[in-house]
Amino acid sequence: PDMTEWMYIKNEMSLTRENMKYVGMASFNNERNMIHFNLNCSLQPGLPYSMAQAGLPMGLLLLFLVAYITDYSIILMIKGGNLSGTHSYQSLVHNTFGFAGFLILSILQFLYPFIAMISYNIITGDTMTKVFQRMPGVGPGHLLANRHFVILLSTILFTVPLSLYRDVAKLGKVSLVSMLLTLAIVIMVIVRAATLGPQIPPSEDAWVFARWNAIQAVGVMSFAFICHHNSFIIYESLQEPTLRNWSRITHGSVGSAALISAIFAAAGYATFTGYTQGDIFENYCKNDNLATFGRFCYGLSIITTFPLECFVTREVVSNVFFNGLLSNTAHVMVTLVIISAVTVISLSYDCLGVVLELNGILSATPLIFIIPSACFLKLSSGRWFQRKKLLPSLILIAGVFVMIIGLVMTGLFPQDCSHGVEMFYCTNLSSSVFTPTPASALLQNTNATQNISLS
């Protein structure tokens, strides 16, 4: 998730077109920034697991299909805004479906970051405990190796103080750092696919084209690609806010995010095949120094992203229950209640794959598939079977199907988590896979080989 993508949601409903252009020009002055937040948003540790659910070929096809639908629905949403004369997602839905629609959208926009924060805490507990265990004197029984303690420590020291900021723009400077961390993680996964993958025997039917529960994978993919909440603010920031310019930028940003996601997902799955966990970092061995670096990068990115998600949930509560105005006391109380609820849930549940699936199914799918299509279909003139309404109708139907079937399958066939358990192949792997061979050892091996050949 990106550092800047939530920065201006607080003012999204009240900004005029001129003000939004001024604010947007300061933050999104070119399309590279949109690419930045899409790259960060789309890199989810559950993507390789979605390949295991769907089968690698089918998973990649579904990944690019979800990316295409995301791309199309973002453009469709702007078309709906032009038809209704609105300049935000909330005002578009309110204008189209009244207060009931606005309330439903508010609930979805609350659930998405709220469940995301739960997943972030789970990731922090999973990744940072393994990072700490690589420190001298920190063993499995140490406090820093306890995920509950690490989550509480991270919450008290970092997420609570940062989440209490009223001006979230102060956290926006880490956007580029977050993107660099994202690219570092992708490189780590690729390197380990080449060095670690051949050492792990593939699971049965590892390369099958498709699996019967492929629909569950769509939830995780939808969670990875959602970026609709700030699309209007970026559109209004363009020097020439036209559908042609917007389409070009959207194609570039979503396309690049889809490519990075596909590389990350395919490399992660190719390394571990059917043994891939809901959190890809759970698959790497504890004594893998490169993976430890990747865990640290992702943990750092997650810890600094959490306050931005909290900002969104707090703003939804503020808009619905406090008319958008929170006193200093109410600001602190609402923030603490949100973080406390998130912490309690993340301490009691540690299965990341299921959390990502539920967030994708319950929140991301309607925000991507259903609502933009429904708004466009209602606002556009003509009969429902016209050509321009065919694809939005199909996307809306697909969204309802994914929500219902995905929710049922997640309940009936939940992921079997193996949190904190060292994978079976770690005990059989040579340490040379995880650590570079010293130059002296290489020289000795070379000399020995030469002596044998001379004799």
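Conventions used here
What you see as residue numbers is a count from 1 along each chain, following the sequence as written. In view of the model being predicted, local features appear only for residues whose pLDDT reaches at least 70, and side-chain atom pairs are presented and counted only at 80 or more, with totals across whole chains, interfaces and linings using the full set of residues. Each side-chain value is derived from all of the structure's non-hydrogen atoms; neither hydrogens nor water enter the calculation. A run of H or I in DSSP becomes a helix once it reaches four residues, and a run of E becomes a strand once it reaches two; helices and strands are each numbered from the N terminus. Each residue's exposure class comes from its accessible area (1.4 Å probe, protein chains only) as a fraction of the maximum for that residue type: buried when under 20%, exposed when over 50%, partly exposed otherwise. Whether two residues are in contact is decided by their heavy atoms: any pair within 4.5 Å suffices. Each salt bridge in this description consists of a side-chain nitrogen of Lys or Arg and a carboxyl oxygen of Asp or Glu lying within 4 Å of one another. Polar contact is the term for a pair of N or O atoms within 3.5 Å; when the atoms are in protein, one must be able to donate a hydrogen and the other to accept it, and sequence-neighboring residues count only if both atoms are side-chain atoms. The criterion for a disulfide is a pair of cysteine sulfur atoms lying within 2.5 Å.

1. Remarks on the side chain of threonine 70
- Positionally, threonine 70 belongs in helix α4 (residues 56–84).
- Owing to a relative accessible area of 0%, threonine 70 belongs among the buried residues under this scheme.
- Beyond its immediate stretch of four places on either side in the chain, threonine 70 contacts Phe225, His228 and Ile368.

2. Side note on the environment of threonine 96
- Looking at the secondary structure, you find threonine 96 in helix α5 (residues 89–132).
- As a C-alpha pair, threonine 96 and lysine 378 span 282 residues in sequence and 7.2 Å in three-dimensional space.

3. A word on helix α3 (residues 47–54)
- Taken across its 8 residues, α3 has 8 buried, putting it largely inside the fold.
- For α3, the complete set of buried residues consists of Leu47, Pro48, Tyr49, Ser50, Met51, Ala52, Gln53 and Ala54.
- One or two positions beyond α3, positive phi appears at glycine 55, with a value near 90°.

4. A look at the pattern of salt bridges
- Using the criterion set out here, one finds 3 salt bridges in the structure.
- Taking the shortest distance from any N to any O, the salt bridge between arginine 147 and aspartate 126 comes out at 3.8 Å. One end of the pair, arginine 147, is in helix α6 (residues 147–163); the other, aspartate 126, is in helix α5, and 21 residues separate them in sequence.
- Taking the shortest distance from any N to any O, the salt bridge between lysine 130 and glutamate 282 comes out at 2.7 Å. In this pair, lysine 130 sits in helix α5 while glutamate 282 sits in the loop between α10 (243–272) and α11 (289–321), placing the two residues 152 residues apart along the sequence. Of the two residues examined, lysine 130 and glutamate 282, each falls in the buried class.

5. Overview of the side chain of threonine 129
- Summarising the element assignment, threonine 129 is placed in helix α5.
- Assessed through its relative accessible area of 5%, threonine 129 is described here as buried.
- Separated by 2.8 Å, the side chain of threonine 129 and the backbone oxygen of glycine 125 make a polar contact.
- Ignoring any residue separated from it by four or fewer positions in sequence, one finds threonine 129 in contact with Thr124, Leu144, Ala145, Asn146, Arg147 and Val150.

6. Points about the environment of serine 253
- For serine 253, the position within the fold is in helix α10.
- For serine 253, a relative accessible area of 0% translates into the label buried.

7. Section: the state of the cysteines
- Under the definition given, this model contains 1 disulfide.
- Across the disulfide from cysteine 285 sits cysteine 426; the S-S distance is 2.0 Å. In this structure, the disulfide formed by cysteine 285 and cysteine 426 twists by about -95° around the S-S bond and is classed as left-handed. Linking cysteine 285 in the loop between α10 and α11 with cysteine 426 in the loop between α14 (387–412) and α15 (439–454), this pair joins segments that are 141 residues apart in sequence.
- Judged by its relative accessible area of 0%, cysteine 285 falls in the buried class.
- When its relative accessible area of 9% is taken as the criterion, cysteine 426 is described as buried.

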